[in-house]
Amino acid sequence: MRKKVVLITGAVGEIGQALVRQLFDEGTNELLTLDLHRMPAGLAGQSTHVEGDILDQTLLTRLVTEFEVDTIFHLAALLSTRGEFAPELAHKVNVDGTLMLLQLAAEQSQRSDRSLKFIFPSSIAAYGMPDLETKGRDALVREWDWNYPTTMYGCNKLYCELLGIYYSQYYQQLAASRPAMLDFRSVRFPGLISAFTVPSGGTTDYGPEMLHAAAQGRPYACFVRPDSTLPFMAMPDAIDSLLKLAAAPAESLSRRVYNVTSFSLTAAAFRDRVLSAFPDAQISFAPDVKRQGIVDSWPAGLNDKAARRDWGWRPAYDVDRAFDEYLLPNITRRYQK
Ligand code: NAD
Ligand code: SER
């Protein structure tokens, strides 16, 4: 008999590591993890880990032959800044990789006659604000507003959301009888900040980079203007939102893609919070015109009313709790070691 597992792709990334730790601690699921890289020592043994590429069709087929996949958290991706340096590769990993996995999940759903859950983290990159005036005025965008991304990554995320809806609702729509469909669910995340990992390749990275640099006594030059505003969220809330959405009864969901957020901050306010904890930190601003353009195209805040109403979403960490109870104490401890 095949072992029943939760599959996590991109499990060695920032969200992946936090999700593996949380699911392992809950102890209710066998975990199968897939990433290009090996698991860091602290997480080794918490999952059956496969070092491999989501674009490797033979590998994916082998995995579903060996394991009965119950739920997929599909996290593997190239993030926004990296995607601008290698747009075609980003498209391959972010779109082709997702399509392969959706098809596999659809086939598994049909074979087992049961809707396999496919949880997909999308992003504020799916939005494209036309100018700063609109960004300032329309400060809480709804899911269907301004869906005009300006990055390859944002285009990939928006399209994959649509693919997920297609595979859940319309795949094989002309067949004589409709077998079980997969159950795609997605959250559009703001910039995430972890106390335990440092991001790379993203455009919201200036926030966490500033914080981790200050805690290590390293100077930091922020690559956006002080007035740049983006929504952010502490990593425990990101994990909570993925798990809550995955657990929500299907009948309570009025959409398949939901905004989730916690707090919005200017880069200057971010610096002030960092300085209040690390008064000697050397933080300067040296905006990079191109990355600034991406940040300016992303919304200042997200309207997450639908998630709150449908599946009880509510961040545990507002800005004060995120800094005072999660980020600052854990980051300080981490670098004191
Ligand atoms: P990350 O870059 O830390 O992790 C991504 C992981 O995917 C890496 O470990 C990488 O090795 C793996 N990966 C990349 N290409 C792969 C491939 N071809 N095959 C197998 N593995 C591959 O990113 P993260 O912050 O953990 O983000 C995870 C997901 O959440 C991504 O889909 C990202 O777009 C989304 N997301 C993240 C944020 C954020 O602020 N961190 C915000 C919105 C959405
Ligand atoms: N943090 C991500 C990035 O900057 C947003 O999805 O790419």
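Going by the structure above, here's the rest.
Every value quoted in this text rests on a predicted model; they were computed, and no experiment measured them. (Residues numbered from 1 in each chain as written. Chains lettered and ligands numbered in written order. Predicted model: local features only at pLDDT ≥ 70, side-chain atom pairs only at ≥ 80, totals over all residues. Heavy atoms only, no water.)

As for the site of ligand 2
And step 1. Surrounding ligand 2, one finds Leu-79, Ser-80, Ser-123, Tyr-153, Gly-202, Thr-203, Thr-204 and Trp-298.
And step 2. Within the side chain of Tyr-153, a nitrogen or oxygen atom sits 2.7 Å from an oxygen atom of ligand 2.
And step 3. At a threshold of 2 Å from the grid points, most atoms of ligand 2 map onto the largest pocket. (Near = heavy atom within 4 Å. Polar contact = N/O pair within 3.5 Å; in protein donor to acceptor, adjacent residues only side chain to side chain. 1 Å grid on protein atoms, 1.4 Å probe; cavity = no way out; pocket = protein on both sides within 12 Å on 5 of 7 lines; lining within 4 Å. Sits in = over half its atoms within 2 Å of the grid points.)

What about the layout of surface pockets?
If a probe as big as a water molecule is rolled over the atoms, it shows which places are left empty.
And step 1. By volume, the largest pocket amounts to about 1100 Å³.
And step 2. Contributing to the lining of the largest pocket are 46 residues, with Gly-13, Leu-75, Ala-77, Leu-79 and Ser-200 lying nearest its centre.
And step 3. Counting only elements with at least two residues in the lining of the largest pocket, the list comes to helix 1 (14-26), strand 2 (31-35), helix 3 (80-85), helix 4 (87-112), strand 5 (117-123), helix 6 (152-169) and strand 7 (191-193).
And step 4. The element that contributes the greatest number of residues to the lining of the largest pocket is helix 1, accounting for four residues.
And step 5. Of the residues in the lining of the largest pocket, the class split is 24 nonpolar, 16 polar and six charged.
And step 6. Counted as a void, the second largest pocket has a volume near 300 Å³.
And step 7. Looking at the second largest pocket, it is lined by 15 residues, and the ones nearest its centre are Ala-18, Gln-22, Met-235, Pro-236 and Ile-239.
And step 8. At the level of elements, helix 1 and helix 8 (235-247) are the ones that each hand at least two residues to the lining of the second largest pocket.
And step 9. The dominant element in the lining of the second largest pocket, judged by the number of residues it contributes, is helix 1, at six residues.
And step 10. Residue composition of the lining of the second largest pocket, by class: seven nonpolar, four polar and four charged. (Points joined across faces, edges and corners; volume = space filled by probe spheres on them. Helix = DSSP H or I, 4+ residues; strand = E, 2+ residues; numbered from the N terminus. Nonpolar A, V, L, I, M, F, W, Y, C, P; charged D, E, K, R; others polar.)

So, the site of ligand 1
And step 1. Not every one of the 25 residues close to ligand 1 is listed here, only the nearest: Ile-15, Asp-35, Asp-53, Tyr-153 and Lys-157.
And step 2. For ligand 1, an oxygen atom lies 2.9 Å from a polar atom in the backbone of Ile-15.
And step 3. For ligand 1, an oxygen atom lies 3.0 Å from a polar atom in the backbone of Leu-192.
And step 4. Burial of ligand 1 by the protein amounts to 91% of the accessible area it has alone, namely 820 Å².
And step 5. Assessed atom by atom at 2 Å from the grid points, ligand 1 resides in the largest pocket.
And step 6. Secondary-structure elements contributing two or more residues to the shell around ligand 1 are helix 1, strand 5, helix 6 and strand 7.
And step 7. No other element matches strand 5, which puts three residues into the shell around ligand 1.
And step 8. Looking at the shell around ligand 1, its residues break down into 14 nonpolar, seven polar and four charged. (Areas by Shrake-Rupley, 256 points an atom, 1.4 Å probe, with all protein chains shown as cover.)

Some words on the pattern of salt bridges
And step 1. Throughout the structure, instances matching the rule amount to 17 salt bridges.
And step 2. Of the charged contacts, one joins Asp-183 and Arg-256 as a salt bridge, the two residues approaching to 3.0 Å between their closest N and O atoms. Of the two residues, Asp-183 sits in strand 6 (residues 183-189) while Arg-256 sits in the loop between helix 8 and strand 10 (257-259), which places them 73 residues apart along the sequence.
And step 3. By relative accessible area, Arg-256 is classed as partly exposed at 21%.
And step 4. A salt bridge links Arg-225 to Asp-296, with the nearest nitrogen and oxygen atoms 3.3 Å apart. Of the two residues, Arg-225 is situated in the loop between strand 8 (220-222) and strand 9 (229-234) and Asp-296 in helix 10 (residues 289-297); the sequence distance between them amounts to 71 residues.
And step 5. Owing to a relative accessible area of 23%, Arg-225 belongs among the partly exposed residues under this scheme.
And step 6. Residue classification places Asp-296 among the buried residues on the basis of a relative accessible area of 15%.
And step 7. Through salt bridges with shared partners, one network takes in Glu-68, Asp-70 and Arg-114. (Salt bridge = Lys/Arg side-chain N within 4 Å of Asp/Glu carboxyl O. Buried < 20%, exposed > 50% of the residue type's maximum accessible area, 1.4 Å probe, protein only.)

Looking at empty space enclosed by the protein
And step 1. All chains considered together, the criterion is met by one cavity of 30 Å³ or more.
And step 2. Here the largest cavity defines a volume of roughly 30 Å³.
And step 3. Those elements giving two or more residues to the lining of the largest cavity turn out to be helix 4 and helix 6.
And step 4. It is helix 6 that provides the largest number of residues to the lining of the largest cavity, a total of three residues.

Brief notes about the side chain of Lys-157
And step 1. Turning to its location among the elements, Lys-157 is positioned in helix 6.
And step 2. If near-sequence neighbours (up to four positions away) are discounted, Lys-157 is found in contact with Ala-77, Phe-120, Pro-121, Ser-122 and Ser-123. (Contact = heavy atoms within 4.5 Å.)

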